[in-house]
Amino acid sequence: MALTASPDAQRILLDVQALDTTLQQLAHRERALPERAVVDALSAEADVMREFVIQRRGELEDARIELGRVESDVAIVEARIARDGERLQASSSVKDIAGLEHELESLRGRLGDLEEIELSVMEKVEAIETELASATASLEAHQQQLADAEAARDAALATITAEAAAARSQRAAIVATVPDDLMALYEKQRERYGVGASHLRARISSASGVELTGSDLAAVRAAAPDAVLLCPDSNAILVRTDESGL
């Protein structure tokens, strides 16, 4: 048996469809939210900057360990120089003196080499510390920028969520006034074809944007006002009003 519903009930479907379209648009806005893209880009940049900071911290730790080893070697050589110097002052043996002087000369050469290495490593440590401080400051500033972007994104999402909640609430109130069988057909067509109700305005179906053919118009004109018709192009429920041009 063909479905029938009062023209007023059918017209209400246009309000339901309008709200469903609004909900679809809100869902698209949420997916394509510019603020979300900004957060994603800033997050990716933050990850790179964070990795750079971690790498520099590792390099600084290695450089400080290297400096500690060199300083230890310097201290050992200095201690040996001091010890041999004392032994030289106290020695009266020509052979021992010659041996100590030769060893001291070698130790001083070694100390000079170590001090050059020590200076080079100290400069390396200072350079990494400077670079790390700059990178850390940049990361902190970037993280603040990211936090601001996240707050803007969350605010935009909250607005969309509130608008969607209001639309769903309004939809539920309207749906409650629509006959169950008519609403079931609307939901079925909307699920299948994307649109549940189409307004026939000036002989054009709003869902398809196509003007009905002569034979289709004749069938619509011949149908009873309470007959539930489907758009021949979109398969949505075709809602007739005073604007239909029939």
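Residues numbered from 1 in each chain as written. Predicted model: local features only at pLDDT ≥ 70, side-chain atom pairs only at ≥ 80, totals over all residues. Heavy atoms only, no water.

> Pulling in residues and values, what's your account of the sheet that holds strand β1 (residues 197–201)?
Read across the sheet, four strands follow the order β2-β1-β4-β3 without closing on themselves; strand pairing throughout is mixed. The strands lining the two open edges of the sheet, one partner per strand, are β2 (204–205) and β3 (229–230). Pairing between β1 and β2: two bridges, direction antiparallel. Of the residues in β2, the one forming a bridge with leucine 200 is serine 205. Sheet strands touched by helix α1 (residues 7–31): β1 and β4 (237–240). Its angle to β4, the strand with the most contacts, is close to 115 degrees. (Pairing = 2+ DSSP bridges. Helix = DSSP H or I, 4+ residues; strand = E, 2+ residues; numbered from the N terminus. Contact = heavy atoms within 4.5 Å. Axes fitted to C-alpha atoms, helices over the stretch in contact; angles between N-to-C directions.)

> Go over the nonpolar core with me, naming the residues and quoting the values.
Among the nonpolar cores identified, the biggest contains 24 residues, and Leu13, Leu182, Met183, Tyr186, Ala197, Val228 and Ile237 are the most heavily contacted of them. Elements supplying a minimum of two residues to this core: α1, α3 (94–175), α4 (180–193) and β4. Counting residues per element, this core draws most heavily on α1, which supplies seven residues. Excluding residues within four positions of it along the chain, leucine 13 makes contact with Val178, Leu182, Met183, Tyr186, Ala197 and Ile237. (Core = buried A, V, L, I, M, F, W, Y, C linked by side-chain atoms within 4.5 Å. Buried < 20%, exposed > 50% of the residue type's maximum accessible area, 1.4 Å probe, protein only.)

> Got a sec to walk through the side chain of arginine 56? Specific residues and values, please.
Tracing the sequence through the fold places arginine 56 in helix α2 (residues 34–90). You can call arginine 56 buried: its relative accessible area is 13%. In terms of polar contacts, arginine 56 uses its side chain to reach the side chain of glutamate 59, at 3.2 Å. Those residues within four positions of arginine 56 in sequence are excluded, and the remaining contacts are Ile128, Glu131 and Leu132. (Polar contact = N/O pair within 3.5 Å; in protein donor to acceptor, adjacent residues only side chain to side chain.)

> Describe the packing of α1 against α4, naming the residues involved and giving the relevant values.
Between α1 and α4, the shortest axis-to-axis distance is 11 Å and the interhelical angle comes to 40 degrees. When the axes of α1 and α4 are compared, the pair comes out oblique. Taken as a pair, α1 and α4 cross one another with a handedness that is right-handed. Taking contact as the criterion, the partners of Ala9, Gln10, Leu13, Val16, Gln17 and Asp20 in α1 are, on α4, Leu182, Met183, Tyr186 and Arg190. Here the residues of the contact of α1 with α4 are counted per class, giving six nonpolar, two polar and two charged. (Parallel < 35°, antiparallel > 145°, perpendicular 65-115°, else oblique. Left-handed = near helix turned anticlockwise from the far one by under 90°. Nonpolar A, V, L, I, M, F, W, Y, C, P; charged D, E, K, R; others polar.)

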